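Overview (structure and organization)
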Amino acid sequence: REPALEMADLRQVVTDVAELLRGRARERSVELEIDLDDQLPVLAIDPEGINRALLNILSNAFDAVEQTSEHRHIKVQTSLAPGGRYARLIVKDNGPGIPPDEQKRIFHVFHSTKGSKGTGLGLAVSQKIIKEHGGQIKVESKVGQGATFTIELPIR
């Protein structure tokens, strides 16, 4: 589908999603850190679609950090990519990390590591939404060191 693009503030989308998850963060003893770049321009995005993609990624981050007994931490950050052609949205957690063989499959439809808890749709849907915007999503992770999801959205 084509996203319903409008000029919108990515920082506001992040703020809205963070507000939705504040209660969950408190209940589960998760520190949810938000770091928004004041210099980020407004973007031609579908705010509802980006909201959904970010919510999916953050839900996975919450599930990941709950597997650790140490300080549970998730950071969401916006920034301008070097060169200024892309806005970056980064979600970093300190969960158990994703094994290399799993990283190759996490964006596949119906692939889940959560057993009956997961549908295997969240990251696949998020990737589809980001691609519909002309962007990309990448994951970096080392077992025992958490995971970082980086979304890049073009600045038009």
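Details of the structure are given in the entry above.
So, here is what we can say about the structure in this document. What you see is a predicted model; the values in this text were computed from it and never measured. (Residues numbered from 1 in each chain as written. Predicted model: local features only at pLDDT ≥ 70, side-chain atom pairs only at ≥ 80, totals over all residues. Heavy atoms only, no water.)

1. Quick word on the packing of helix α1 (residues 10-27) against helix α2 (residues 47-65)
Where α1 meets α2, the axes come as close as 10 Å, and the angle between the chain directions of the two elements is 40°. The handedness of the crossing between α1 and α2 is right-handed. Contacts from L10, V13, V14, D16, V17, L21, R24 and A25 of α1 reach α2 at P47, I50, N51, L54, L55, L58, S59, F62 and D63. By residue class, the composition of the contact of α1 with α2 is 12 nonpolar, 2 polar and 3 charged. (Axes fitted to C-alpha atoms, helices over the stretch in contact; angles between N-to-C directions. Helix = DSSP H or I, 4+ residues; strand = E, 2+ residues; numbered from the N terminus. Left-handed = near helix turned anticlockwise from the far one by under 90°. Contact = heavy atoms within 4.5 Å. Nonpolar A, V, L, I, M, F, W, Y, C, P; charged D, E, K, R; others polar.)

2. Describing the pattern of salt bridges
Inspection of the entire model under this criterion finds 9 salt bridges. We note a salt bridge from R22 to E19, for which the minimum N-O separation is 4.0 Å. One end of the pair is R22 and the other is E19, both in helix α1 and 3 residues apart, which spans about a single turn. Owing to a relative accessible area of 28%, R22 belongs among the partly exposed residues under this scheme. Across the salt bridge formed by K75 and E33, the nearest N and O atoms sit 3.9 Å from each other. One end of the pair, K75, is in strand β4 (residues 72-80); the other, E33, is in strand β2 (residues 30-35), with 42 residues separating them in the sequence. (Salt bridge = Lys/Arg side-chain N within 4 Å of Asp/Glu carboxyl O. Buried < 20%, exposed > 50% of the residue type's maximum accessible area, 1.4 Å probe, protein only.)

3. Details of the sheet that holds β2
Read from one edge to the other, the open sheet built from 5 strands follows the order β2-β4-β5-β7-β6, with strand pairing classed as mixed. Two strands bound the open sheet, and with one partner strand each, they are β2 and β6 (136-141). Across the sheet, the mean angle from the axis of one strand to that of its neighbour is 15°, orientation sign disregarded. Strand direction decides the pairing type here: strand β5 (residues 86-93) and strand β7 (residues 147-154), joined by 8 bridges, are antiparallel. (Pairing = 2+ DSSP bridges.)

Scope: geometric values only; no functional claims are made or implied.
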